Structure formats: C-alpha cells, structure tokens
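What follows is the residue order along each chain.
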Amino acid sequence: MKIYPHHTNAETAHALIRHIIRLMEEQPDKIFHLAFSGGTTPSLMFDLWANEYRADTAWKRMRIFWVDERCVPADDSDSNYGTMHNLLLSKVPIAEEYIHPICGANDPQAEALRYSNVVRNYVPRSAKGMPAFDMILLGAGDDGHTASIFPGQEYLLSSLLHPYETSFNPYNGQQRVGMTGAALFNAQRLIFFITGKSKQRVIHDIVASGDTCPAAFVAHHARNVELFTDTSACPSE
Ligand code: 6PG
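Notes on the structure follow. (Residues numbered from 1 in each chain as written. Predicted model: local features only at pLDDT ≥ 70, side-chain atom pairs only at ≥ 80, totals over all residues. Heavy atoms only, no water.)

1. A few points about the side chain of Ser126
The criterion, for reference: Secondary structure elements are taken from DSSP: a helix is a run of H or I of four residues or more, a strand is a run of E of two residues or more, and numbering for both begins at the N terminus. Any two residues having at least one pair of non-hydrogen atoms within 4.5 Å are treated as being in contact.
Tracing the chain through its elements places Ser126 in the loop between helix H4 (108-122) and strand S5 (135-138). Not counting residues within four places of it along the chain, the set of residues in contact with Ser126 comprises Ala132 and Asn186.

2. Concerning the site of the ligand
To keep it simple, the criterion reads: Note on terminology: near, applied to a residue and a molecule or strand, indicates that one of the residue's heavy atoms is within 4 Å of it. Here a polar contact is recorded for every N or O atom pair within 3.5 Å, except that within protein the pair must consist of a potential hydrogen donor and a potential acceptor, and residues adjacent in sequence are included only if both atoms are side-chain atoms. Computed by Shrake-Rupley with a 1.4 Å probe, the accessible areas treat only the displayed protein chains as cover when residues are assessed. Each residue gets one label: Ala, Val, Leu, Ile, Met, Phe, Trp, Tyr, Cys and Pro are nonpolar, Asp, Glu, Lys and Arg are charged, and the others, such as Gly, are polar.
By nearness alone, 16 residues border the ligand, and Thr40, Thr41, Asp68, His145 and Lys199 come closest of all. Here an oxygen atom of the ligand and a backbone polar atom of Ala147 are 3.4 Å apart. Lys199 places a side-chain nitrogen or oxygen 2.6 Å from an oxygen atom of the ligand. Notes on the ligand: free accessible area 410 Å², of which the protein chains cover 89%. A per-class count over the shell around the ligand returns 2 nonpolar, 10 polar and 4 charged.

3. A word on the pairing of strand S9 (residues 225-230)
Look at any regular strand and the pattern is simple: side chains alternate between the two faces of the sheet. Convention followed: For every residue, the accessible area (1.4 Å probe, protein chains only) is compared with the maximum for its type, and the residue is labelled buried under 20%, exposed over 50%, or partly exposed between those bounds. Here, any two strands with at least 2 DSSP bridges between them count as paired.
For S9, a buried count of 6 out of 6 residues is recorded, marking the element as mostly surrounded by other parts of the structure. Side chains Val225, Leu227 and Thr229 project from S9 onto one buried face, and the interleaved Glu226, Phe228 and Asp230 project onto a second face that is buried too. Here 5 bridges tie strand S8 (residues 190-194) to S9, and the two strands are oriented parallel to one another. Its bridge partner lying in S9, Leu190 is registered against Val225.

4. With respect to the pattern of salt bridges
Quick note on the threshold: Whenever Lys or Arg places a side-chain nitrogen within 4 Å of a carboxyl oxygen from Asp or Glu, that contact is recorded as a salt bridge.
All chains considered together, the criterion is met by 5 salt bridges. With its nearest N and O atoms 3.6 Å apart, the salt bridge here joins Asp78 to Arg70. Judged by relative accessible area, Arg70 falls into the buried class, the value being 14%.

5. Structural notes on the nonpolar core
Here is a general trend for soluble globular proteins: nonpolar side chains tend to be buried in one another's company. For the record, the criterion: In this text, buried Ala, Val, Leu, Ile, Met, Phe, Trp, Tyr and Cys residues form a nonpolar core when linked through side-chain atoms within 4.5 Å.
Ranked by size, the top nonpolar core spans 73 residues in total, and within it Met45, Trp49, Ile136, Leu184 and Phe192 carry the most contacts. Setting aside chain neighbours within four positions, we find Leu184 in contact with Ile136, Leu138, Ala147, Ile149, Leu157, Met179, Leu190, Val218 and Ala222.

6. Thoughts on the sheet that holds strand S4 (residues 68-70)
Where we set the bar: With axes taken as lines fitted to C-alpha atoms, and helix axes fitted only over the stretch in contact, angles between N-to-C directions fall between 0 and 180 degrees.
Within the open sheet, the 3 strands sit side by side as S4-S7-S6. Their pairing is antiparallel. Taken across any chain shown, the strands that pair with only one partner, and hence form the sheet edges, are S4 and strand S6 (164-168). Each strand axis lies, on average, 20° off the axis of its neighbour in the sheet, ignoring direction. Of the pairings in the sheet, the one linking S4 to strand S7 (residues 175-179) comprises 3 bridges and is antiparallel in character. Bridging across to S7, Arg70 finds its partner in Arg176. The strands touched by H4 within the sheet are S6 and S7, with S6 carrying the most contacts at an inclination of about 145°.

7. Section: the packing of helix H6 (residues 200-208) against helix H7 (residues 214-221)
Note the cut-off: Any angle from 65 to 115 degrees is called roughly perpendicular, while one under 35 is roughly parallel, one over 145 is roughly antiparallel, and all others are oblique. Crossings are classed by handedness, with left-handed meaning an anticlockwise turn of the near helix from the far one by less than a right angle and right-handed meaning a clockwise turn.
Contact geometry of H6 with H7 gives a least axis separation of 8 Å together with a crossing angle of 30°. Taken as axis vectors, H6 and H7 run roughly parallel relative to one another. Considering the relative orientation of H6 and H7, their crossing is right-handed. Taking contact as the criterion, the partners of Val202, Asp205 and Ile206 in H6 are, on H7, Ala215, Ala216, Ala219 and His220.

Take a look at the structure:
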C-alpha cells in the first residue's frame, strides 16, 4: 500500500485530484470507470475539483458510479449522489448518460439487484466475470467501516455473488446499498481518502494492525491500494 500524507485535508484533496488527472493522462485513449464513496470527506474534493480543475480533467472519458448510497431521496442532504451532483457533477461537462447513481429512494433490496446489473452492464469485467472498476475511492468511518460495510457486517466482504448488497448504519438504522467484496477486491486500483483527527484509530488499523475492521481488511486484501491522508489523521507520517 502506497501512503501519500499531506499537511491538511485541502492539500490532500488537491493531491488526490491531481493524482486521478495524471492517471487518466497516462492512458489518453482509455475510458475510466470510477466509483465514489460519500460522506463528508470528499465534499471539499468535489468543490475544489469543480472550481480549480474543471479545465484539466478529461470529463468525457469518465464514467461515474457510486460505492454506496444511503436509502434516501436524491434531494436529501444525506444523499451521496445529491452531494456529488450539487458540488461537482452539475458544474462540469459530463453527460448525464455517463453518470450512474444508486437510486436511494427505491426499495433497498430491489435497488441492490438493479444496481448490480447496471454495474455488470456498464463496467468492464475481469476474467473472473466481475466488474473491474478502474478506480474505487473509499473513505472510512471512525469505527472502521468503509463502503457502508460496518463492523459486524463483514460477511459483505466475502459476498462474491452480487457486486452490491444492502447494509445498514447500526447507529441510526439507516438502510444502505453498497459495494461488496465481489467488486471491491476486483478493482484495478483502490484509493482511500481519509483525513481528520477522528480517523487516527482507523488509519492506525489500516497502516499498522491486522484485519481489525472492514477498512483495514479491504486495505490489506485489495490490490493496488493507495492511501491519501493528512497529518492529523496520520501523525506519525
Ligand atoms: C458513506 C460513505 C462512507 C464514508 C465514511 C466516512 O456513505 O457514509 O461512503 O463509507 O466513506 O463514512 O465518512 P466521512 O467522510 O463523513 O467521515
């Protein structure tokens, strides 16, 4: 796992955007299939991307998917799609047809199946027959969850039948649709974007412990893993 530490959340966000732009420039004829996580951490990145890197990004070669979604309508402040749409996607030249949201307003089980089929249809598959995203961007919660896979729901990490399943936030009961191990461990590149003092424990688990939480398990077992973090989350760096 490669670690890219920076002094602040903003510097980390800038570095991550530049990293993605550079990776796309290295393969100028390739269409990139990217899956984004939600939560609060990526919001600053989305805002910076729209305002400072609009002209530098090959939007027409991006296909946008989500790692997970809260089961709420798109106009709910909790919506991962709604957040990314408002901060970034509504401000850059990317065609609607290339944006594939998880529909949080649908029945969770039905949506998990529907979205699994969407991803199977639009994302190139590896030899194993599972969708292989070019880049998956993950966050991690203070409790070590990632991709809406919370502690106690680790069975989703070994779920290899469907790329998406339902889960739930154990702290408020909110239903979620999220990526399972089937797609997480099949990605070409997996990038963690984790910043802030509250994430010190999960960063320690990822960098220096065993498979003590879902985020650490994914970091230790996925291929081509990169960690973009800041010194408040990773003071030892
Ligand atoms: C979600 C995310 C989730 C997120 C972590 C970190 O829908 O909540 O996809 O996995 O990455 O909860 O969230 P914060 O950035 O808000 O700490």
